Amino acid sequence: QVQLVESGGGLVQAGGSLRLSCAASGRSFSSYDMAWFRQAPGKEREFVAAVRRSSTVYADSVKGRFTISRDNAKNWVYLQLNSLKPEDTAVYYCAASIITGGTLRASSSVYEYWGQGTQVTVSS
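This structure is a prediction, so every number in the text was calculated from the model and none was measured.

*Asks:* Teacher, can you tell me more about the overall build of the chain here?
*Replies:* From N to C terminus, the chain includes zero helices and eleven strands. Along the chain, from the amino end to the carboxyl end, the secondary structure elements read β-β-β-β-β-β-β-β-β-β-β. Relative to a compact globule of 124 residues, whose C-alpha radius of gyration would be 14 Å, the chain shows 14 Å and is just as compact. Taking the principal axes of the C-alpha coordinates as reference, the chain spans close to 40 × 25 × 25 Å. Expressed as a percentage of its 124 residues, the buried residues of the chain come to 43%. As displayed, the chain has an accessible area near 6,500 Å², and 46% of this comes from carbon and sulfur atoms. When the 13 positive and 9 negative side-chain charges of the chain are each reduced to one mean point, those points stand 5 Å apart.

*Asks:* Sorry if this is basic, but what is going on with the sheet that holds strand β1 (residues 4–7) here?
*Replies:* Sheet strands pair via backbone hydrogen bonds, and the direction of the pair is either parallel or antiparallel. One open sheet holds the four strands; their spatial order is β1-β3-β8-β7, and the pairing between them is antiparallel. Edge positions in the sheet fall to β1 and β7 (66–71), since each has one partner strand and no second. Strand-to-strand twist of the sheet, defined as the mean angle between neighbouring strand axes without regard to direction, takes the value 15 degrees. Across six bridges, β7 lies against strand β8 (residues 76–81) in antiparallel orientation. Bridge assignment links Phe66 to a residue of β8, and that residue is Leu81.

*Asks:* Looking at this structure, how should I read the nonpolar core?
*Replies:* Nonpolar side chains in soluble globular proteins tend to be buried together. Grouped together as the largest cluster of nonpolar side chains are 39 residues, with contacts concentrated most on Leu4, Met34, Trp36, Val77, Leu79 and Tyr92. Secondary structure elements with two or more residues in this core: β3 (18–24), β4 (32–39), β5 (46–52), β7, β8, β9 (90–98) and β11 (118–123). Discounting residues that sit within four places of it in the chain, Tyr92 has contacts with Glu6, Leu20, Trp36, Phe37, Arg38, Val48, Phe66, Leu79, Leu81, Gly117, Thr118 and Val120.

*Asks:* Looking at this structure, I do not really get the side chain of Asp88. What am I missing?
*Replies:* Residue placement: Asp88 occurs in the loop between β8 and β9. Classification of Asp88 by relative accessible area gives buried; the value is 1%. Among all residues touching Asp88, those that are not within four sequence positions of it are Arg38, Arg65, Phe66, Ser83, Val120 and Val122.

*Asks:* Looking at this structure, I do not really get the environment of Val120. What am I missing?
*Replies:* Among the structural elements, Val120 can be located in strand β11. Between the C-alpha atom of Val120 and that of Gly16, which follows or precedes it by 104 residues, the distance is 12 Å.

*Asks:* Whenever I open this one, the state of the cysteines confuses me. Can you help?
*Replies:* Put plainly, two cysteines are in a disulfide when a covalent bond ties their sulfur atoms together. The full count for this structure, using the stated rule, is one disulfide. Each sulfur of the disulfide joining Cys22 and Cys94 lies 2.1 Å from the other. Between Cys22 and Cys94 the disulfide shows an S-S torsion of about -85 degrees. By sign, it is left-handed. One end of the pair, Cys22, is in strand β3; the other, Cys94, is in strand β9, and 72 residues separate them in sequence.

*Asks:* Help me understand the packing of aromatic side chains in this model?
*Replies:* Counting across every chain of the model gives five aromatic pairs. Each ring, one from Phe37 and one from Phe47, has its centre 5.6 Å from the other, and the planes form 75 degrees; the classification is edge-to-face. Placement of the pair is Phe37 in strand β4 and Phe47 in strand β5, with a sequence separation of ten residues. Taking the relative accessible area as the measure of exposure, Phe37 reaches 1% and is therefore buried. The class for Phe47 is buried, based on a relative accessible area of 12%.

Rules used throughout
- Residues numbered from 1 in each chain as written.
- Predicted model: local features only at pLDDT ≥ 70, side-chain atom pairs only at ≥ 80, totals over all residues.
- Heavy atoms only, no water.
- Helix = DSSP H or I, 4+ residues; strand = E, 2+ residues; numbered from the N terminus.
- Rg over C-alpha atoms; globule rule 2.2 N^0.38 Å.
- Buried < 20%, exposed > 50% of the residue type's maximum accessible area, 1.4 Å probe, protein only.
- Areas by Shrake-Rupley, 256 points an atom, 1.4 Å probe, with all protein chains shown as cover.
- Lys, Arg positive; Asp, Glu negative; His and termini not counted.
- Charge placed at Lys NZ, Arg CZ, Asp CG, Glu CD.
- Pairing = 2+ DSSP bridges.
- Axes fitted to C-alpha atoms, helices over the stretch in contact; angles between N-to-C directions.
- Core = buried A, V, L, I, M, F, W, Y, C linked by side-chain atoms within 4.5 Å.
- Contact = heavy atoms within 4.5 Å.
- Disulfide = S-S within 2.5 Å.
- Phe/Tyr/Trp six-rings, centres within 6.5 Å; stacked < 30°, edge-to-face > 60°.

This is the structure:
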């Protein structure tokens, strides 16, 4: 089964950058859609970005600032966060879903596996 472990979170000044990593177990990493979600205190879980091989989709709030990528040889997925804002402060979660066809989706309900999250705090 797939196990996910996030890393790279921390405290950063507004306007700064951060790179999050997600290490995945298993032999069939390339057969999974990978995504990042985030959840701020008192708010619901929010979609951030997803990747299927080379296809990507982003939330409007992060377009042009965040970049998702993956390294199938290493079973890693990354999220590059640039031009960070205080409203980006949240726990960021890595998620995975086996590819069964259809479009790359932003709904959390289609993702079967989740990491424990990594905290990103952006100071103003």
